[in-house]
Amino acid sequence: MIERDDLDMQIAEYVLGTLPVDERNALNARREQDPALEARILEWEQRLADLVDDVEPVEPGPELFGRIERALERNDSSSNSNPGSNVVALRRQLNRWRWSTAVASAAALVLVAVLTVQPQPSSESFVAVFQHDDQQPAFLLTVDLEQRQVNIRPVTAEAKPDKSYQLWIKADELGPNPRSVGVLGDQFQLDEAALSQYDPDLLREATFGISVEPPGGSPTGQPTSPAIHGYLYPTGDDAQGDNP
Amino acid sequence: MQSDPSTSTAGISKLIARVAQADRAAFSSLYQATAPKLLGVVLRILNNRAWAEEVIQDAYLKVWQKAGQFDEDKSSPITWMVSIARNSAIDELRKHPTGRTVNDDQLDQVPGGQTTAQQQVEDQQSVNQLNHCIDQLEKERQDMVRLAYLNGWSRDDLAGQFGQPVNTVKTWLRRALQDIKRCLES
């Protein structure tokens with residue numbers, strides 16, 4: 001009980017701001033990993049929150065938001081090595097894709113964003129699938145950066161005799177339009193060399209999409225079916241059970 | 001202010017939810033609705049405009065990153081955002097404790113032996129349950145809590161100002177926080 005009270009007071013002082021800097025830094029680091037601690041910090045933040053009722057708002061300089069947006073762009077385009085922010089980074093990549101496809105009219109895609117966690121072994125590749133709704137096919141896509149191998153597994157997608165699925169890659173370096181990686185085979189396989197022309201840095205930043213196309217792939221060189229995006233399917237072991 | 005839906009609690013929660021989906025327009029609206037409050041809070045801690053704006057920039061980048069973690073069952077949206085900004089400001093201040101003294105007028109003595117910061121905390125107090133609870137504390141402890149929270153004073157700053165050993169300050173602060181918690185729960 002005494003220990004618990006002591007921790008409670010440590011958290012309270014952390015929120016108040018008076019915790020000595022070494023203890024403060026330790027809590028700053030720990031709260032990211034420890035949901036119970038995070039919850040208790042939020043409780044104390046909520047308790048003391050009304051103190052700021054007495055603080056007068058101050059209008060920021062007109063250029064500040066522009067600076068924030070530019071910093072956001074910079075962060076957005078640099079690779080993110082913090083595993084905890086994968087999901088956010090994925091959303092951002094999706095968003096970028098979505099913007100440009102909106103401009104290029106309704107491209108028909110199952111969007112698949114891929115992000116690898118840089119400092120970890122390539123087997124830790126982070127993967128996600130976005131799908132529009134349960135009616136739409138979804139895929140899991142993994143990219144092994146080192147080997148430049150792409151592996152696609154269907155989640156709810158089924159092979160269709162009269163349609164082909166086609167994988168696309170999009171990256172700033174490749175210009176505004178998606179580029180075809182290849183048309184998937186009956187077992188959702190791709191040519192082993194499909195990614196060999198792309199360097200790992202580009203792959204790390206790239207967004208992938210899968211569209212439903214006429215047999216043999218898009219006749220136009222660009223995706224032709226309606227835009228789809230949605231659910232995340234991380235490849236981590238504990239997430240496997242969530243897959244339908 | 002109250003009638004503008006984007007500045008209501010529910011409105012800000014919705015904006016944060018959209019920011020979690022990387023919605024840049026929502027991010028802009030969220031900034032418009034909240035930045036003046038956040039800057040007010042940070043500026044009072046750092047007491048230096050350029051520095052405070054840097055911290056605000058950093059805080060909004062964190063808001064962008066962490067929007068998906070916001071849980072409206074656990075925090076009010078403005079508290080969540082203010083806490084991100086306050087936390088950044090205090091981290092900065094602890095990293096560069098001399099950064100603020102250059103422009104600092106908080107420690108200037110005013111007649112009556114009080115600092116301007118102390119005067120400030122006494123002048124403006126909203127009627128809310130928290131202030132009611134703080135007002136139950138002994139006078140010095142009230143000031144300590146407010147100077148720490150609102151002005152970012154460390155235990156050392158408080159020890160110097162109140163002429164007490166740092167350990168006494170620690171004990172007083174913890175008792176004060178304990179009392180506040182009990183009072184809020186009663």
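Quick notes on the rules
- Residues numbered from 1 in each chain as written.
- Chains lettered and ligands numbered in written order.
- Predicted model: local features only at pLDDT ≥ 70, side-chain atom pairs only at ≥ 80, totals over all residues.
- Heavy atoms only, no water.
- UniProt positions renumbered as here; feature names shortened; annotations may be inferred.
- Helix = DSSP H or I, 4+ residues; strand = E, 2+ residues; numbered from the N terminus.
- Buried < 20%, exposed > 50% of the residue type's maximum accessible area, 1.4 Å probe, protein only.
- Contact = heavy atoms within 4.5 Å.
- Areas by Shrake-Rupley, 256 points an atom, 1.4 Å probe, with all protein chains shown as cover.
- Buried area = accessible area lost by both parts, 1.4 Å probe.
- Salt bridge = Lys/Arg side-chain N within 4 Å of Asp/Glu carboxyl O.
- pLDDT = per-residue confidence, 0-100.
- Polar contact = N/O pair within 3.5 Å; in protein donor to acceptor, adjacent residues only side chain to side chain.
- Disulfide = S-S within 2.5 Å.
- Phe/Tyr/Trp six-rings, centres within 6.5 Å; stacked < 30°, edge-to-face > 60°.
- Axes fitted to C-alpha atoms, helices over the stretch in contact; angles between N-to-C directions.
- Parallel < 35°, antiparallel > 145°, perpendicular 65-115°, else oblique.
- Left-handed = near helix turned anticlockwise from the far one by under 90°.
- Nonpolar A, V, L, I, M, F, W, Y, C, P; charged D, E, K, R; others polar.
- Expected span 1.5 Å × (residues − 1).

- The name given to chain B in an unreviewed UniProt entry is Sigma-70 family RNA polymerase sigma factor, with Marinobacter confluentis as the source organism.
- UniProt lists a comment for chain B under the heading Sequence similarities (unreviewed entry), and it reads "Belongs to the sigma-70 factor family. ECF subfamily."

- As recorded in an unreviewed UniProt entry, chain A goes by the name Anti-sigma K factor RskA C-terminal domain-containing protein, listed as coming from Marinobacter confluentis.

1. Concerning the overall build of chain A
Argument step 1. Of regular secondary structure, chain A possesses 6 helices and 7 strands.
Argument step 2. The order of α-helices and β-strands along chain A, N terminus first, is α-α-α-α-α-β-β-β-β-β-β-α-β.
Argument step 3. The buried share of chain A, reckoned over its 244 residues, is 49%.
Argument step 4. Contacts in chain A between residues far apart in sequence, at least 24 positions, make up 62% of those at least 6 positions apart.
Argument step 5. Of the accessible surface of chain A, which amounts to about 11,900 Å², a share of 49% is contributed by carbon and sulfur atoms.

2. Looking at the interface of chain B and chain A
Argument step 1. Chain B puts 63 residues into the contact, and the matching count from chain A is 52 residues.
Argument step 2. Overall, the association of chain B and chain A removes approximately 5,400 Å² of surface from exposure, summing both partners, and the carbon and sulfur fraction of that is 57%.
Argument step 3. Per-residue buried area on chain B facing chain A is highest for B:Arg24, B:Tyr149 and B:Arg174; these three make up 13% of the total on that side.
Argument step 4. Linking chain B to chain A there are 9 salt bridges.

3. Details of the confidence of the model for chain A
Argument step 1. The share of residues in chain A with pLDDT of 70 or more is 59%, and the mean pLDDT across the chain is 70.
Argument step 2. Within chain A, no element has a lower average pLDDT than helix H5 (residues 86-103) of chain A, which sits at 44, and none a higher one than helix H3 (residues 35-48) of chain A, at 95.

4. Quick look at the side chain of B:Asp91
Argument step 1. Looking at where B:Asp91 falls in the secondary structure, it is placed in helix H4 (residues 77-95).
Argument step 2. Among the polar contacts listed, one links the side chain of B:Asp91 to the side chain of A:Asn28, at a separation of 3.1 Å.
Argument step 3. With residues up to four places along the chain from it excluded, the contact list for B:Asp91 reads A:Arg24 and A:Asn28.

5. Section: the confidence of the model for chain B
Argument step 1. When pLDDT is averaged across chain B, the result is 87; 82% of the residues are at 70 or more.
Argument step 2. Across residues 107-112 of chain B, confidence stays below pLDDT 50; counting only partners more than four residues off in sequence or on other chains, it has 11 contacts.

6. Overview of the state of the cysteines
All names here are of chain B.
Argument step 1. Taken as a whole and assessed by the stated rule, the structure comprises 1 disulfide over all chains.
Argument step 2. A disulfide bridge connects Cys-133 with Cys-183, and the sulfur atoms are separated by 2.0 Å. In this structure the cystine formed by Cys-133 and Cys-183 twists about its S-S bond by roughly -80°; its chirality is therefore left-handed. Here Cys-133 is found in helix H6 (residues 129-135), whereas its partner Cys-183 is found in helix H9 (residues 166-185), with 50 residues between them in sequence. Comparing Cys-133 with Cys-183 shows no difference in burial state: the two are buried.

7. Overview of the pattern of salt bridges
Argument step 1. Across all of its chains, the model carries 22 salt bridges over all chains by this definition.
Argument step 2. A salt bridge links A:Arg31 to A:Glu38; the shortest N-O distance between them is 2.8 Å.
Argument step 3. Exposure remark for A:Arg31: the relative accessible area of 12% places this residue in the buried category.
Argument step 4. We note a salt bridge from A:Glu73 to B:Arg24, for which the minimum N-O separation is 2.8 Å. Placement of the pair is A:Glu73 in helix H4 (residues 64-77) and B:Arg24 in helix H2 (residues 24-46), with the two residues belonging to separate chains.

8. Let's talk about the packing of aromatic side chains
Residues and elements named next belong to chain B.
Argument step 1. A complete count under the given rule lists 6 aromatic pairs over all chains for this structure.
Argument step 2. For the ring pair Tyr-31 and Tyr-60, a centre distance of 5.1 Å and an interplane angle of 65° mean the geometry is edge-to-face. You can see Tyr-31 sitting in helix H2 and its partner Tyr-60 sitting in helix H3 (residues 49-66), a full 29 residues away along the chain.
Argument step 3. Assessed through its relative accessible area of 0%, Tyr-60 is described here as buried.
Argument step 4. Residues Phe-70 and Trp-80 carry aromatic rings whose centres are separated by 5.2 Å and whose planes lie at 55° to one another, so their mutual orientation is tilted.

9. Section: the packing of helix H2 (residues 21-33) of chain A against H4(B)
Argument step 1. The N-to-C vectors of H2(A) and H4(B) enclose an angle of 140°; their axes lie 11 Å apart at closest approach. With respect to H4(B), the element H2(A) is oriented oblique. Between H2(A) and H4(B) the crossing geometry is left-handed. Residue-level inspection shows A:Val21, A:Arg24, A:Asn28 and A:Arg31 of H2(A) in contact with H4(B), the latter providing B:Asn87, B:Ile90, B:Asp91 and B:Arg94.
Argument step 2. Looking at side-chain class alone, the contact of H2(A) with H4(B) contains 2 nonpolar, 2 polar and 4 charged residues.

10. A look at H9(B)
Argument step 1. For H9(B), which comprises 20 residues, the first-to-last C-alpha distance of 29 Å matches the rise-based estimate of 28 Å (1.5 Å per residue) to within 8%.
Argument step 2. Those residues of H9(B) lying buried are B:Val169, B:Trp172, B:Leu173, B:Arg174, B:Ala176, B:Leu177, B:Ile180, B:Lys181, B:Cys183 and B:Leu184.

11. Details of the environment of B:Ala52
All names here are of chain B.
Argument step 1. Tracing the backbone shows Ala-52 in helix H3.
Argument step 2. Residues Ala-52 and Leu-39, 13 residues apart in the sequence, show an inter-C-alpha distance of 6.8 Å.
Argument step 3. With near-sequence residues (within four places) excluded, Ala-52 lies in contact with Leu-39, Val-42, Leu-43 and Leu-46.

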